[in-house]
Structures are given as structure tokens and as C-alpha cells.
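# A look at the structure
What follows is each chain in one-letter form.
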Amino acid sequence: MKGKNNIGNKNKSLFWFSLDNAAKIFPAIRTQEHTTVLRCTAVLHHRITIRYLLEAVSLAEKRFPYYQVSLHHGIFWYYLEETKRPFTLAPDTGLPCQAFNKHDTNAHLLRILVYKNRLSIECSHILTDGYGASQFLIWILDTYHSLKHSDTIDKTKLGLDKQLLEAETEDAYSRYFKDNIPFAARLSKSFHLPYKLNKKPRFDVLVAILNMQEIKHKSAQKGVSITEYLIAVQLFALQQIATHKNTSKKRVIRIQVPINLRNIYLRRRCVIFHYL
């Protein structure tokens, strides 16, 4: 990852780095509707005190300098460059996961939204994945509570030692990719839902509240993880649709599921990831 040695040192020129392997596809496919933006939300028991949250967000800029970046493009490829624009808070009143402004070359790929006792982090998949965003949110919440209840913060939380910084900004694809991996097999066409798309704007908000204890219990009964159980439920629903529609073309039902490879590879690493 180019330019990362300057991260965290505000006295040097603006740092920059190329997109990692997982992020390269998103600048090309994002649109106003297919925004490639993800959201993580926490609902607190009390109304958020903006004063302490602003201070926590300001400290997050020092702890996560590689998130304070904007997207730029060269002749053939995109890259991320440091921006001096601070993180800001905005009211969480519109539709979630709206597109970031493509034409603002100094704009963040991350927004922090507040509504009463609800705090949300929205960011582009170019910047990080759901796990990275959730850990960023957890860090801000932890710092917010420390400031609110003791008015002080553990200075060790703000440290960016070289080993931790390199671990958090590394494009691990280059470390773990093996040249002798065979090409993926060519698959037959899979089943698609036999319905017409809605007219634009196509997306809306659907809220579903599930009892986690019941899901955990059901997953344990089946001897599978929660993720595996929910995938099976979705596959069953698609199978019911395919059977009901009696489609003439018998096609395999497939669901593509992203995997958090940190659970596999970080066990073999000496670096301890405190937050990411």
C-alpha cells in the first residue's frame, strides 16, 4: 500500500494509497441507486450528548487517519488521498445508504449520522467492509462513554504504533494470494427472481425486528451458525418461489455470501488487532 508511511504525521505532505484488491470494483459499479454504501447503527438507552460525541469523533480522526481520505483517479486507476476536511455530524433524517458525491474531490467516503439516541456510520465499500465500519463505530461509542462518564480518555487508545498501523492498512491480498490457485470453475446460469424491477427509485426501507435468542436457539438446534441458518432460510424462500412459478428452465439456486477472512488468517498473525 503506497504512501502509508506518512499516515498520522500531519507535518508531512498528504499521504495517499492505492485501493486494496477488495475495493477496486466499487468505483466502477457505484451509481446513485446502487450506491455500494453500507451502514452500521447503534441505539443507545439515552439521548446522545452532541458535545461528547463531537469530541470522540475528533479523536477518531487521530486514531483512524486512513479513514479521513477522499477518492481520486489517475489515468488508469483510483487511489485514496488524505483530506484535511474534518469528520462532521449530520442529522439522520433521510433514506439510509445514500450515494456519496462523486464530483466533490475532497469529500469523505464516510458519514456520521445522529438522531436522538441513534448513532449510525455509513461508508463506501471502497473504504472498508462491514466489520471495519462496525469496529470504527464501537471505538467512537467507547470513547464517547469514557468522555461522558469520566471526562477523560485513556491516551493509550489513541496511539498508532507502527506495527498496528501497518496491520490495519495492509492490503492482505498481496500477502496471502498464491499463484498456483486454480481458476474458478465455469458455473451454469443460476435462478433469478421472475419479477419485473420496480420503476426508479427502486429501493426503499424495510424494517424487520428479529429475536436473536430465538435465532440462536434455532441455529443451535440445526447445528449450524446463525449465518448458515439465515442463508438456508433465504434459499428455502427462493426454492418456494421457483416451485410456485414452475419455471421451465431448471436452474440452480445460488446465494453469494461475503466471508470475513480475518477469522481465518488473523489467527496465524502475531499482530494484535485492538479495534480493526
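What counts as what
- Residues numbered from 1 in each chain as written.
- Predicted model: local features only at pLDDT ≥ 70, side-chain atom pairs only at ≥ 80, totals over all residues.
- Heavy atoms only, no water.
- Pairing = 2+ DSSP bridges.
- Helix = DSSP H or I, 4+ residues; strand = E, 2+ residues; numbered from the N terminus.
- Axes fitted to C-alpha atoms, helices over the stretch in contact; angles between N-to-C directions.
- Contact = heavy atoms within 4.5 Å.
- Phe/Tyr/Trp six-rings, centres within 6.5 Å; stacked < 30°, edge-to-face > 60°.
- Buried < 20%, exposed > 50% of the residue type's maximum accessible area, 1.4 Å probe, protein only.
- Lys NZ or Arg CZ within 6 Å of the ring centre and 35° of its normal.
- Polar contact = N/O pair within 3.5 Å; in protein donor to acceptor, adjacent residues only side chain to side chain.
- pLDDT = per-residue confidence, 0-100.
- Expected span 1.5 Å × (residues − 1).

Another aspect to go through is the sheet that holds strand E7 (residues 118–124). Spatially, E2-E7-E6-E5 is the arrangement adopted by the four strands of the open sheet, whose pairing is mixed. Only two strands of the sheet have a single partner each, and these edge strands are strand E2 (37–43) and strand E5 (89–91). Between one strand and the next, the sheet's axes are offset by a mean angle of 30°, whatever the strand orientation. Both strand E6 (residues 110–115) and E7 contribute to a ladder of six bridges, which runs antiparallel. Bridge pairing links Arg111 to Glu122 in E7. Of the strands in this sheet, E5, E6 and E7 touch helix H2 (residues 50–63), which is tilted by about 135° from E5.

Per the stated rule, a full pass over the model turns up 12 aromatic pairs. On the basis of an interplanar angle of 80° and a centroid distance of 5.2 Å, the ring pair of Tyr66 and Tyr67 is categorised as edge-to-face. On the basis of relative accessible area, Tyr66 is assigned to the buried category, the value being 4%. Their ring planes at 75° and their centres at 6.2 Å tell us that Phe87 and Phe136 sit as a pair that is edge-to-face. Of this pair, Phe87 sits in the loop between strand E4 (78–82) and E5 while Phe136 sits in helix H3 (residues 130–150), and the two are 49 residues apart along the sequence. Summarising the burial analysis for this pair, Phe87 and Phe136 share the class buried. In textbook terms, an aromatic cluster arises when at least three aromatic residues are bridged by ring pairs, as seen for Phe64, Tyr66, Tyr67, Phe87, Phe136 and Trp139. The ring of Phe64 is capped by Arg63, whose NZ or CZ atom sits 4.7 Å from the centre of that ring.

What follows covers the side chain of Arg111. Tracing the sequence through the fold places Arg111 in strand E6. At a separation of 3.4 Å, a polar atom in the side chain of Arg111 contacts the main-chain carbonyl oxygen of Ala99. Of note is the side chain of Arg111, whose polar atom sits 2.7 Å from the side chain of Glu122. With residues up to four places along the chain from it excluded, the contact list for Arg111 reads Val37, Cys97, Gln98, Ala99, Phe100, Ser120, Ile121 and Glu122.

We now examine the confidence of the model for the protein chain. Summary statistics for the protein chain give a mean pLDDT of 85 and a share of 87% for residues scoring 70 or more. Counting contacts from residues 1–5, a segment whose pLDDT is below 50, to residues more than four positions away or on other chains yields 14 contacts. Here residues 268–276 is modelled with pLDDT under 50, and outside its nearest four sequence neighbours on either side it reaches 22 contacts, counting other chains as well.

An α-helix turns once every 3.6 residues. As a result, residues three or four positions apart point the same way. Relative to the 20 Å expected for 14 residues at 1.5 Å per residue, H2 spans 20 Å between its end C-alpha atoms, a close match to the ideal helical length. The inward-facing, buried residues of H2 abut E5, E6, E7, H3 and helix H4 (162–169).

In this section: the pairing of E4. Pairing of strand E1 (residues 16–18) with E4 involves three bridges; the strand directions are antiparallel. Paired with Phe17 across the two strands is Leu80, which belongs to E4. Bridge analysis of strand E3 (residues 69–73) against E4 gives five bridges, and the strand direction is antiparallel. In the sheet register, His73 faces E4, and the bridge partner there is Tyr78. Connecting E3 to the next strand, E4, in antiparallel fashion are four residues.

Here the amide bond leading from Lys200 into Pro201 is cis, since omega sits at -5°, within 30 degrees of zero. You can see Pro201 is positioned in the loop between helix H5 (172–176) and helix H6 (212–222). One non-glycine residue, Cys97, lies in the positive phi region at around 60°. Note that Cys97 resides in the loop between E5 and E6. Here Lys116, not a glycine, exhibits a phi torsion of approximately 55°, which is positive. With respect to the helices and strands, the residue Lys116 is situated in the loop between E6 and E7.

Mapped onto the secondary structure, Ser124 falls in strand E7. Within the structure, Ser124 has its side chain in polar contact with the backbone nitrogen of Ile126 (distance 3.0 Å). Contacts of Ser124, omitting those with residues within four sequence positions, involve Thr36, Val37, Phe100 and Leu109.

The antiparallel open sheet is built from three strands, whose spatial order is E1-E4-E3. In the strand order of this sheet, the two ends are held by E1 and E3, each with one partner. Neighbour to neighbour, the strand axes of the sheet diverge by 30° on average, direction disregarded.

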